[in-house]
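# Structural overview
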Amino acid sequence: MLLLTLILSATTLQFTSAASDKIICYYASWGANRPGNGKFTPEDIDANLCTHVNYAFLGLNDDGSLLILDNATDITNGGLQKVAALKKTNPALKALFSLGGYAAGTATFTAVAADATKRATMAKSALEFFETYNFDGLDVDWEYPLEGDRANFITLLSDLKEAFRPGGYLLTVAVAAIPTDAAYDVPAMSNVLDVINVMTYDFHGSWAGVTAQNSPLYASPLDGEWQRDNLNANSSITHWILSGADPQKLAIGIAFYGHAFTLVDASQHDLGSPSSGPAPPGDFTENMGTLGYNELCEFHKNGIIEWDDTQKVPYLYDDTLWVGFDNPKSVALKAQYAKDNNLAGVMIWSIETDDLHATCGTKNALLHAVNDAMKAN
Ligand SMILES: *[C@@H]1O[C@H](CO)[C@@H](O)[C@H](O)[C@H]1NC(C)=O
Ligand SMILES: *[C@@H]1O[C@H](CO)[C@@H](O)[C@H](O)[C@H]1NC(C)=O
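All values derive from a computational prediction rather than experimental measurement. (Residues numbered from 1 in each chain as written. Chains lettered and ligands numbered in written order. Predicted model: local features only at pLDDT ≥ 70, side-chain atom pairs only at ≥ 80, totals over all residues. Heavy atoms only, no water.)

### Thoughts on the site of ligand 1
Threshold: In these notes, residues near a molecule or strand are those with any non-hydrogen atom within 4 Å of it. N or O atoms closer than or at 3.5 Å make up a polar contact, with two conditions inside protein: a donor-capable atom paired with an acceptor-capable one, and, for residues adjacent in sequence, both atoms drawn from side chains. Where accessible areas are quoted, they stem from the Shrake-Rupley method and a 1.4 Å probe; at the residue level, only the protein chains shown are allowed to cover.
If you check the shell around ligand 1, you find Asn71, Ile75 and Thr76 and nothing else. Contacts to ligand 1 include Asn71, whose side-chain N or O atom sits 2.4 Å from an oxygen atom. Thr76 is positioned with one of its side-chain polar atoms (N or O) 3.0 Å from an oxygen atom of ligand 1. Protein contacts shield 28% of the accessible area of ligand 1, which totals 360 Å² for the unbound molecule.

Next comes the structure, spelled out in structure tokens:
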């Protein structure tokens, strides 16, 4: 009995020493150019609240070399240099270039991944960028590899990792929530990558026609069978693991924004209420149908917030506006999920829409809530 206890506690120790400790903070560089209280520069990043900062986005030239997309923001105003400088405050912090994003599309990635010379140019260029800007790795955000890219994607990742290994540089990716939505060889990816950032958000938006959550942790009773098994963070992470990903390589995605709907009738504001379409853009993020947490604090403080205890996320309504979003409580539950399931940790898209000015009460309340949950015993 004593022996068994000893073995069990040794196993437990070993288990907990592979800690779920990564807090991967995407920073959208264009946040530095937002008006008023929406402005969030790299100096506003609290270096002690992230383990990794992923600077979004860089582009890819046709020859495979990396491309600065916004010279004024990234270079002239020192965006990249200021992110690297955060390492003076937190020497353990890693800075990564995030390459691609949804708007970048797939054509250049497809061509580079298929060509050995271009892959080599990409690896060489990345190493030069790490050196020039004092960065620590590359996050490939190819949205999304198609069936014809499946093998080339792995070859590209393997070539990059081989080039990065001597310098200890990191290689990560951002991936679709549903592994079968793109041509992923999951076991091979899990083998070569340091972290797989799973984009467990954008599950529901105005396209649904009725109000529903952006990033539910669990299914809703209103879900059909397919939705229940696909459109929530838990089912997504479960499918990634069942597809062959090492849980220790997976970071669960946390959204610091919500999907915003216009209600047909302000008095019908439950989940599943009729919506006439996306809500108008917010003054900071200027995007149809989404609002940053900072915009909810700044412009909708009088909105009514309800907690959805089945999906473990809140929603807000304010006249004909309805938003399914994340608050300190829901982001803490996602961090706890990462720990309970022995994942690598959490990934956040994106930290510049946190409550920087404590308009809702606490400065950077969401990132603090994530940290408190990750660091609690
Ligand atoms: C980018 O900005 C730097 C510094 O302001 C400048 O020296 C360089 O020429 C610019 N590059 C391009 C491509 O505009
Ligand atoms: C998590 O997702 C999996 C796959 O969809 C499902 O089988 C499981 O029941 C879910 N867990 C909870 C607590 O809902």
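### Re the side chain of Asp308
Under the convention used in this document: Segments assigned H or I by DSSP are reported as helices when at least four residues long, segments assigned E as strands when at least two residues long, and all are numbered from the N terminus. The rule is simple: take the accessible area with a 1.4 Å probe, protein chains only, and divide by the maximum for that residue type; under 20% is buried, over 50% is exposed, in between is partly exposed. Under the convention used here, Asp and Glu are negative, Lys and Arg are positive, and both His and the chain ends fall outside the count. Between Lys or Arg on one side and Asp or Glu on the other, a salt bridge is scored when a side-chain nitrogen of the former is within 4 Å of a carboxyl oxygen of the latter.
Within the secondary structure layout, Asp308 lies in strand S12 (residues 304-308). Lys312 provides the closest opposite charge to the buried, unpaired Asp308, separated from it by 8.0 Å.

### Brief notes about the packing of aromatic side chains
Two measures describe an aromatic ring pair: the distance that separates the ring centres and the angle between the ring planes. Rules: Aromatic pairing here means that ring centres of Phe, Tyr or Trp (its six-membered ring) are within 6.5 Å. Orientation follows from the plane angle: under 30 degrees is stacked, over 60 is edge-to-face, and everything else is tilted.
The final tally for this structure, using the stated rule, is 23 aromatic pairs. Consider the rings of Tyr218 and Tyr337, whose centres lie 6.4 Å apart with planes at 65 degrees: the pair is edge-to-face. With Tyr218 in the loop between strand S7 (195-198) and helix H8 (225-228) and Tyr337 in helix H11 (residues 328-340), this residue pair connects regions lying 119 residues apart in the sequence. The class of Tyr218 is partly exposed, set by a relative accessible area of 32%.

### What to know about the site of ligand 2
Test applied: When residues are sorted by character, Ala, Val, Leu, Ile, Met, Phe, Trp, Tyr, Cys and Pro go into the nonpolar class, Asp, Glu, Lys and Arg into the charged class, and all the rest, Gly among them, into the polar class.
By nearness alone, every residue bordering ligand 2 is listed as Tyr218, Asp229, Asn234, Ser235 and Thr238. Separating an oxygen atom of ligand 2 from a side-chain N or O atom of Asn234 is a distance of 2.4 Å. Contact between ligand 2 and Thr238: an oxygen atom at 3.5 Å from a side-chain N or O atom of the residue. Burial of ligand 2 by the protein chains amounts to 46% of its free accessible area of 360 Å². Here the residues of the shell around ligand 2 are counted per class, giving one nonpolar, three polar and one charged.

### Describing unusual backbone geometry
Between Ala56 and Phe57 the backbone carries a cis peptide bond, its omega angle lying at -10 degrees. Mapped onto the fold, Phe57 is located in strand S2 (residues 52-60). With an omega of -10 degrees, the peptide bond between Trp349 and Ser350 qualifies as cis. Although it is not a glycine, Lys312 sits at a positive phi angle of roughly 65 degrees. Assignment of secondary structure puts Lys312 in the loop between S12 and strand S13 (313-318). Positioned with a positive phi, Asn364 is a non-glycine residue whose angle comes to about 45 degrees. Position of Asn364 relative to the elements: it lies in the loop between strand S15 (345-349) and helix H12 (365-375).

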